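Tertiary structure, described
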Amino acid sequence: MTDTVIDVRGLTKRFGDRTVVDQFDLKVPRGAIYGFLGPNGSGKTTTIRMVCGLLKPESGEGEVLGFDVLKESLKIKERVGYMTQKFSLYEDLSIRENLEFISRLYGLDRRAERVDQALADLGLSERQAQLAGKLSGGWKQRLALAACMIHEPELLLLDEPTAGVDPKARRDFWDAIRRYSAQGVTTLVSTHYMDEAVQCDSIAYIAYGKKLIDSPTAEIPKQIGLYGWSIAGRPLMRAQEMLEASPGVDLVARFGAEIHACGKDPAALERAVGAVKAAEPHVDITPIEAGFEEIFIYLMSGAMDNFQ
Amino acid sequence: MTTAPHSLSKLIDLSWARVFAVFLKELVQMRRDRPTFAIMIMMPVMQLVLFGYAINTDPRHMPAVVEMREDGPLTRSFLASLAQSTYVDVIAITPRAEDGEAMIRSGQATFLISIPEGFERRLVRGERPQILIAADASDPVAAGGAIAAIQQVAAQAFAPEFQGSLSFLAPLPAPYEIVVHRRYNPAGVTAFNIVPALLGVILTMTMVMITSIALTRETERGTMENLLATPVRPLEVMIGKTTPYVFVGAVQVAIVLAVAMLLFRIPFTGSFLAFLIAVTLFILANLMLGYLISTVARTQMQAMQMTFFIFLPSILLSGFMFPFRAMPLWAQVIGEALPITHFLRIVRRSF
Ligand SMILES: Nc1ncnc2c1ncn2[C@@H]1O[C@H](COP(=O)(O)OP(=O)(O)OP(=O)(O)O)[C@@H](O)[C@H]1O
Ligand SMILES: [Mg+2]
């Protein structure tokens, strides 16, 4: 078997006359945790659905787990765990019944055992008879995740799996993903959380259906080349207004009690921040390294300008 | 390729295990959805009982007006029997046709029984004179029952008179003829007609609606997305999801049959096997119609509304309400396309 688990080229999807995904290429090696980022409506869900064979692209080709995405979607489905963005288990079935139903559909052996194990891992053994619809939002997400892993897939396609999940559960979840990854399970995960993005080996960033970035996570800051300054102290209102009006400042964002001002041109940025310090002497300015949060806010605001 | 597929299910790549998984899931969901389940069982009972009150298969004391043009021993004997019978109450006897017509038009009388002039003379001569019964058949079932009763009364009334010198008149056919004009409802729907037909209506209603809703629910709630991501095939979903409703249909059929036979004493005279085949085909046809709707409807509400697109013509154009042959051709064409039309033809011959 090949070592590239997802290899798609030129995937294009149109809804009506809107091109929602445009010439999308992606190569994901075995065992990788691949982050899939992009603003709302950029086409992440649509792309994931094409990758697991739920949606036929207008054009493009590729292989997933060595099977043709266009012709062998049944074989792909057997080996992929897809967690939908919206909760898609049965609210009127109990937790256990949902897991049993899914394991029947995959034709699994040792069904009861697997379901017991999944329930124990989730910590839901005592509540297994409860209706899934009665679970809280975060617990629904965790159940859905357990359901898409019950058949031990080789590839996980997770569409915002941790939306609405508490920080502790999110950590547990990412620990689990890393464990799977070590066993050779590949993961493509879409997320809006930057603390999750940094845990990915690589990140593909998509905006308005076009892939803008696709790099190992560590290389992205260098690639974007965004410089930053932190402005602290109070009051900061006027400082923020000044920065927003300055040329050379591409991004002004509030981070707790600080303002982060970022820009591509370090000299212009330094001039702008210097001007603020001169006008408001009580603030402290320090150069910082632009983090993922800044980078993606910057990208998303830039994408807006480019595609409007 | 040297190995031939062993079975049809291999040929079309069908896994009965997955069909069974979907079937089980659907059963559990059906059991949880108490209100819908109650409707499925209660609807046939309620409809039948409601119709049962409307259908009085043994009508009594129907007001009748007798228009009598002549007065003789035979007609008097007929009148006497009529008065004795509990089926009709003779409220007036008149020699004038207009009076009788007026009473039936005003609703005072349900029947107008007219004995023409020269009835006795022609009877004795063996000319088979006519007794005209005009019935207000706007309450068709009741009228139908009474008409049959009047025929009985006539037979009883004249029988003793045909002894002795008139005995040559006794053998069949009856030496007189009763001509019945059903007014306002030429089809003359009767209880025997309506209860079996009700089976068709009940099955159309529940089978089409419940399947379309059960399937659309998957799309509406987003569970279809998850289902599609598993290896389950569309055909397996289709079989697994519709099979439980075949059983629901069977239960409904059993209820209707039991009520029809026990409560309304409607005899089952046709071939039971033919009936079973027809019912099975009919249930399947309705399930498939429901399935068809679910492919178009996005929400359960839409599915419900679309069901009525099938339900209304099923009631109006199938021959359930109006005689099929009396409808305009276009309506007959639509009617022919509805499963219930064909089901009604079969089921009415079975009872
Ligand atoms: N079935 C559909 N029919 C028509 N348009 C659709 C359909 N599915 C998605 N779209 C459109 O395609 C675009 C991309 O949607 P998609 O769900 O892929 O975005 P996303 O990146 O997953 O967004 P989010 O972060 O909000 O989940 C959106 O503008 C959406 O309105
Ligand atoms: Mg999405």
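Residues numbered from 1 in each chain as written. Chains lettered and ligands numbered in written order. Predicted model: local features only at pLDDT ≥ 70, side-chain atom pairs only at ≥ 80, totals over all residues. Heavy atoms only, no water.

**Considering the overall build of chain B**
The condition that has to hold: By the criteria applied, helices consist of DSSP H or I runs no shorter than four residues and strands consist of E runs no shorter than two, each listed in order from the N terminus. Each residue's exposure class comes from its accessible area (1.4 Å probe, protein chains only) as a fraction of the maximum for that residue type: buried when under 20%, exposed when over 50%, partly exposed otherwise. Contacts were defined at the residue level, with two residues in contact if any of their heavy atoms lie within 4.5 Å.
A count of helices and strands for chain B gives 14 helices and five strands. The proportion of buried residues among the 351 residues of chain B is 49%. A fraction of 79% describes how many contacts in chain B between residues 6 or more apart in sequence connect residues 24 or more apart.

**Some words on the overall build of chain A**
Our working rule: For the accessible areas, the method is Shrake-Rupley and the probe is 1.4 Å, while residue cover comes only from the protein chains on display. Note that His is not counted, nor are the chain ends; the positive residues are Lys and Arg, and the negative ones are Asp and Glu. Lys charges are placed at NZ, Arg charges at CZ, Asp charges at CG and Glu charges at CD.
Within chain A, the regular secondary structure consists of 11 helices and 14 strands. Expressed along its principal axes, the backbone C-alpha trace of chain A runs to roughly 70 × 45 × 35 Å. Looking at chain A as a whole, 52% of its 308 residues are labelled buried. Look at the contacts in chain A between residues 6 or more apart in sequence, and 68% of them connect residues 24 or more apart. Total accessible area computed for chain A in this model is approximately 13900 Å², and 50% of it derives from carbon and sulfur atoms. For chain A, the distance from the average position of its 37 positive side-chain charges to the average position of its 44 negative side-chain charges is 4 Å.

**Brief notes about the site of ligand 1**
All names here are of chain A. Spelled out, the test is: Here a residue is considered near a molecule or strand provided that any single heavy atom belonging to it is located within 4 Å of it. Throughout this description, a polar contact denotes any pair of N or O atoms lying within 3.5 Å of each other; where both atoms belong to protein, one of them has to be capable of donating a hydrogen while the other can accept it, and for residues adjacent in sequence the pair is counted only when both atoms sit in side chains. All residues other than Ala, Val, Leu, Ile, Met, Phe, Trp, Tyr, Cys, Pro, Asp, Glu, Lys and Arg, Gly among them, are scored as polar; the first ten of these are nonpolar and the last four charged.
Residues in contact with ligand 1 amount to 14 residues; listed here are only the nearest, G41, K44, T45, T46 and Q85. At 2.5 Å from an oxygen atom of ligand 1 is found a side-chain nitrogen or oxygen belonging to T46. Within the side chain of Q85, one N or O atom sits 2.8 Å away from an oxygen atom of ligand 1. Contributions of two or more residues to the shell around ligand 1 are made by β2 (18-29) and α1 (44-51). The element best represented in the shell around ligand 1 is α1, accounting for three residues. For the shell around ligand 1, the per-class residue count stands at three nonpolar, eight polar and three charged.

**Topic: the confidence of the model for chain A**
To keep it simple, the criterion reads: As a per-residue quantity, pLDDT reports the predictor's confidence and falls between 0 and 100.
With 97% of its residues at a pLDDT of 70 or more, chain A has an overall mean of 89. Across residues 303-308 of chain A, where pLDDT falls below 50, the model places six contacts with residues more than four positions away in sequence or in other chains.

**Details of the nonpolar core**
Buried together is how nonpolar side chains tend to be arranged in soluble globular proteins. The test is simple: In this text, buried Ala, Val, Leu, Ile, Met, Phe, Trp, Tyr and Cys residues form a nonpolar core when linked through side-chain atoms within 4.5 Å.
Of all hydrophobic cores here, the largest spans 61 residues; its most connected members are L99(A), F101(A), L143(A), L158(A), I203(A), I224(A) and F296(A). A total of seven residues in this core trace back to one element, the largest contributor, which is helix α5 (residues 137-149) of chain A. Every residue in contact with L99(A), bar those within four places of it in the chain, is listed here: V115(A), A118(A), L119(A), L143(A), A146(A), A147(A) and I150(A). Core analysis: the second largest hydrophobic core is formed by 47 residues, M40(B), V248(B), V259(B) and L338(B) among them.

**Here we look at the environment of F247(B)**
If you trace the backbone, F247(B) turns up in helix α10 (residues 234-262). Counting along the chain gives 200 residues from F247(B) to Q47(B), while the straight-line C-alpha distance between them is 20 Å.

**Regarding the coordination of the magnesium ion (ligand 2)**
Residue and element names in this part refer to chain A. Condition: Here a donor is an N, O or S atom found within 2.8 Å of the metal, or within 3.2 Å if the metal is Na, K or Ca; sites may look incomplete because water is not among the atoms.
Taken together, the protein donors to the magnesium ion (ligand 2) comprise T45 (OG1) and Q85 (OE1), at separations of 1.9 to 2.1 Å. A residue pair is termed long-range when its members are at least 10 positions apart, and T45 in helix α1 and Q85 in the loop between β6 (80-83) and α3 (95-105) qualify at 40 residues. Its relative accessible area of 25% is what places T45 among the partly exposed residues.

**Description of the pairing of strand β1 (residues 4-15) of chain A**
Residue and element names in this part refer to chain A. Which entries qualify depends on this criterion: Any two strands between which DSSP finds at least two bridges are classified as paired.
Alignment of β1 against β2, held across eight bridges, turns out to be antiparallel. Residue pairing in the sheet places I6 in a bridge with V28 of β2. Counting the residues in the hairpin turn of β1 and β2 gives two residues, including G16, whose phi is positive at 65°. Bridging between β1 and strand β4 (residues 59-64) involves five bridges; their strand directions are antiparallel. Along β4, the bridge assignment pairs I6 with V64.

**Quick look at the interface of chain B and chain A**
Reports often express the size of an interface as the amount of accessible area lost when the parts come together. The cut-off we apply is this: In this description, buried area is defined as the sum, over both parts, of the accessible area (probe of 1.4 Å) that is lost when the two are combined. A pair is scored as a salt bridge if a Lys or Arg side-chain nitrogen falls within 4 Å of a carboxyl oxygen belonging to Asp or Glu.
Taken together, the 23 residues of chain B in the interface contact 22 residues of chain A. Both faces considered, chain B and chain A share a buried interface measuring about 2200 Å² in area, 60% of it formed by carbon and sulfur atoms. Applying the counting rule to chain B against chain A returns three salt bridges. The salt bridge involving R32(B) is made with E97(A); its shortest N-O contact spans 2.9 Å. Here chain B and chain A share nine residue pairs in polar contact (both at pLDDT 80 or more) between them. Per element, the largest residue contribution to the side of chain B that touches chain A is eight residues, and it comes from helix α2 (residues 16-32) of chain B.

**Details of the domain arrangement of chain A**
Inclusion rule: Residue ranges for the domains trace back to a domain assignment, done automatically or taken from a database.
What the domain assignment reports for chain A is domain 1 (4-221) and domain 2 (227-290). Computed over C-alpha atoms, the centres of domain 1 of chain A and domain 2 of chain A are 39 Å apart.

**Things to note about the packing of aromatic side chains**
Residues and elements named next belong to chain A. Selection criterion: Only Phe, Tyr and Trp rings take part, Trp by its six-membered ring, and two of them pair if their centres are within 6.5 Å. Stacked means planes under 30 degrees apart, edge-to-face means over 60, and tilted covers everything else. In this scheme, the term charge over a ring applies when either NZ of a lysine or CZ of an arginine sits within 6 Å of the ring centre and within 35 degrees of the ring normal.
Taken as a whole and assessed by the stated rule, the structure comprises 10 aromatic pairs over all chains. Three or more aromatic residues joined by ring pairs form one cluster here, namely Y205, F292 and F296. Just above the ring of Y193 sits the side chain of R170; from NZ or CZ to the centre is 3.7 Å.

**Let's talk about unusual backbone geometry**
Excluding glycine, a negative phi dihedral is what most residues carry, and trans is how most peptide bonds are arranged. All names here are of chain A. Within the chain, Q23 stands out as a residue other than glycine whose phi angle is a positive 50°. Looking at the secondary structure, you find Q23 in strand β2. Of the residues examined, Q23 reaches a relative accessible area of 51% and is grouped as exposed. Residues other than glycine seldom take positive phi values, yet E160 does so here, at roughly 45°.

**Topic: the confidence of the model for chain B**
Caution applies to low-pLDDT parts of the model: their predicted coordinates are not meant to be read in detail. All names here are of chain B. Of all residues in chain B, 80% attain a pLDDT of 70 or more, and the chain-wide mean is 79. Here residues 1-5 scores under 50 on pLDDT; set against residues more than four positions off or in separate chains, the count is two contacts. With pLDDT under 50 throughout, residues 183-189 is counted as low confidence; its partners more than four residues away or in other chains account for 17 contacts. With pTM at 0.76, the complex prediction returns an ipTM value of 0.84.

**Notes on the sheet that holds strand β5 (residues 67-68) of chain A**
All names here are of chain A. Applied cut-off: Between N-to-C directions, angles span 0 to 180 degrees; the directions come from axes that are lines fitted to C-alpha atoms, helices contributing only their stretch in contact.
As summarised here, the arrangement of the four strands in space is β2-β1-β4-β5, forming an open sheet in which the pairing is antiparallel. What marks the edges here is a single partner per strand, and that holds for β2 and β5. With respect to the sheet, α1 is in contact with β1, β2 and β4, its orientation differing from that of β1 by roughly 120°.

**Overview of the state of the cysteines**
Going by this rule: The disulfide criterion used throughout: a pair of cysteine sulfur atoms within 2.5 Å.
For the structure on display, the rule yields zero disulfides over all chains. This cysteine, C200(A), is not joined by any disulfide, and C148(A) carries the nearest cysteine sulfur, 16 Å off.

**A look at helix α5 (residues 97-106) of chain B**
As a reminder, the rule being used: What the arc describes is the spread of directions from the helix axis to the C-beta atoms.
Within α5(B), the full set of buried residues consists of G100(B), M103(B) and I104(B). Looking straight down α5(B), one finds that the buried residues subtend no more than 95° of arc, so they occupy a single side.

**Structural notes on the sheet that holds β6(A)**
All names here are of chain A. An order of β6-β7-β8-β3-β9-β10 is seen for the six strands of this open sheet, with the pairing classed as mixed. Edge strands, defined here as strands with exactly one partner in the open sheet, are β6 and β10 (210-216). Strand after strand, the sheet turns through a mean of 15° between neighbouring axes, direction not considered. Examined bridge by bridge, strand β3 (residues 33-37) and strand β9 (residues 202-207) share four bridges and lie parallel to one another. Looking at the pairing, Y34 lines up with S202 of β9.

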